[in-house]
Amino acid sequence: LLIDPLTMTLRFANKHAAGLFRNTVNSLIGMHLDELLYSSEDVSLDNARNARHKGSRGSLFTSDGGKVPIFLNSSALKVKREELILLAVIDLSSQRELEERYKKAYAQQESLANHDKLTGLFNRRALTKHAEAELNRAERGEHLSIIILDIDHFKQVNDTYGHNVGDIVLQSVSRSLQQTVRP
């Protein structure tokens, strides 16, 4: 973007900027900077007006009323004896989407690492970790109860009705436990 430093209006925008603002190049020309950028804690319009601003994060307004996270950098530029501000605007929305996808994938991996796939109950790794924490609480005077259960004749269920039915029994018992016992 090229900005007139006296009027703070847009003098030039390329097609990528138009796409970022969800607008046409022609409709952006002449717009005031205040109409395009959203001032936040990280980026102020004063920073954008500063011809030597070396970057900050913020948001911009789109023609459809949305806001897009951006990185903003500005520098002075002389074009045919005319002083202008070159405003580089980088869309950060894909970076934030990647960060969110990473966080979600990490949480899923953490869950898979700590829970039995069939029942959803804690696996040995998670039980060991939680048992240590609960034992520490008990040492400080908190109450502690441990329940160990066995499903009578479960092998006969598997042998007689098959492993699919055995899986259903395990899932049913685990749901009952999850609804009545604190993890």
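Whatever comes next refers back to the structure up there.
Small disclaimer: the values here were computed from a predicted structure and weren't measured.

Enquirer: Could you give me a rundown of the overall build of the protein, with the residues and numbers involved?
Expert: For the protein, the count of helices and strands is eight helices and six strands. Overall, the protein shows an N-to-C arrangement of helices and strands of β-β-α-α-α-β-α-β-β-β-α-α-α-α. Rg of the C-alpha trace for the protein: 30 Å, well past the compact-globule value of 16 Å for 183 residues, more than 25% over. A principal-axis box enclosing the C-alpha atoms of the protein has dimensions of 90 × 45 × 20 Å. Buried residues in the protein amount to 25% of all 183 residues. Of all intrachain contacts in the protein linking residues separated by at least 6 positions in sequence, the fraction that spans at least 24 positions is 37%. Summing over all exposed atoms, the protein offers an accessible surface of approximately 13,100 Å²; the carbon and sulfur share of this is 53%. Within the protein, one finds 24 positive and 23 negative side-chain charges whose respective centroids are separated by 7 Å.

Enquirer: I'd like a description of the nonpolar core, backed by residues and values.
Expert: Counting 20 residues, the largest nonpolar core has L1, I3, L10, L28, L37, L60 and L87 as the members making the most contacts within it. When residues of this core are traced back to their parent elements, those giving at least two are α1 (15-20), α3 (33-36), β5 (67-79) and β6 (82-91).

Enquirer: How would you sum up the pairing of strand β4 (residues 56-61)? Please name residues and give values.
Expert: With six bridges joining them, β4 and β5 adopt antiparallel strand pairing. By the bridge assignment, R57 is partnered in β5 with F71. Between β4 and β5, which follow one another and run antiparallel, lie five residues, and G65 among them has a positive phi close to 90°.

Enquirer: How would you explain the side chain of T9 if you had to name every residue and give the values?
Expert: Note that T9 resides in the loop between β1 (2-3) and β2 (10-12). Given a relative accessible area of 18%, T9 falls into the buried group. In this structure the side chain of T9 is engaged in a polar contact, spanning 2.7 Å, whose partner is the side chain of T7. When residues no more than four places from it in sequence are discounted, the contact partners of T9 are L2, I3, D4, G30, M31 and H32.

Enquirer: Tell me what's going on with helix α6 (residues 124-139), and back it up with residues and numbers.
Expert: Taking 1.5 Å per residue, 16 residues should reach 22 Å; α6 reaches 22 Å between its end C-alpha atoms and fits that length. For α6, the N-terminal cap is N123; the gap from its side-chain oxygen to the backbone nitrogen of R125 is 3.2 Å. Directly beyond the C-terminal end of α6, a positive phi value near 105° is found at G141.

Enquirer: Describe the environment of K15, and please don't skip the residues or the numbers.
Expert: Examined against the element boundaries, K15 turns out to sit in helix α1. Along the chain, K15 and G166 lie 151 residues apart, while their C-alpha atoms are 61 Å from each other.

Enquirer: Explain the pairing of β6 to me, using residue names and the numbers behind them.
Expert: Sheet topology places β1 next to β6; two bridges connect them, and they run antiparallel. Counted as the bridge partner of L2 is L86 from β6. Alignment of β5 against β6, held across 10 bridges, turns out to be antiparallel. Paired with S75 across the bridge in β6 is L86. The loop that links β5 with its antiparallel partner β6 comprises two residues; one of these, K80, has a positive phi angle of about 50°.

Enquirer: Just give me the short version of the pattern of salt bridges, but keep the residues and values in it.
Expert: Per the counting criterion, the structure on display carries seven salt bridges. We note a salt bridge from D4 to R11, for which the minimum N-O separation is 3.7 Å. Here D159 and K155 are joined by a salt bridge, their closest N and O atoms 2.7 Å apart. Of this pair, D159 and K155 both sit in helix α7 (residues 154-161), four residues apart, roughly one helical turn.

Conventions we followed
Residues numbered from 1 in each chain as written. Predicted model: local features only at pLDDT ≥ 70, side-chain atom pairs only at ≥ 80, totals over all residues. Heavy atoms only, no water. Helix = DSSP H or I, 4+ residues; strand = E, 2+ residues; numbered from the N terminus. Rg over C-alpha atoms; globule rule 2.2 N^0.38 Å. Buried < 20%, exposed > 50% of the residue type's maximum accessible area, 1.4 Å probe, protein only. Contact = heavy atoms within 4.5 Å. Areas by Shrake-Rupley, 256 points an atom, 1.4 Å probe, with all protein chains shown as cover. Lys, Arg positive; Asp, Glu negative; His and termini not counted. Charge placed at Lys NZ, Arg CZ, Asp CG, Glu CD. Core = buried A, V, L, I, M, F, W, Y, C linked by side-chain atoms within 4.5 Å. Pairing = 2+ DSSP bridges. Polar contact = N/O pair within 3.5 Å; in protein donor to acceptor, adjacent residues only side chain to side chain. Expected span 1.5 Å × (residues − 1). Salt bridge = Lys/Arg side-chain N within 4 Å of Asp/Glu carboxyl O.

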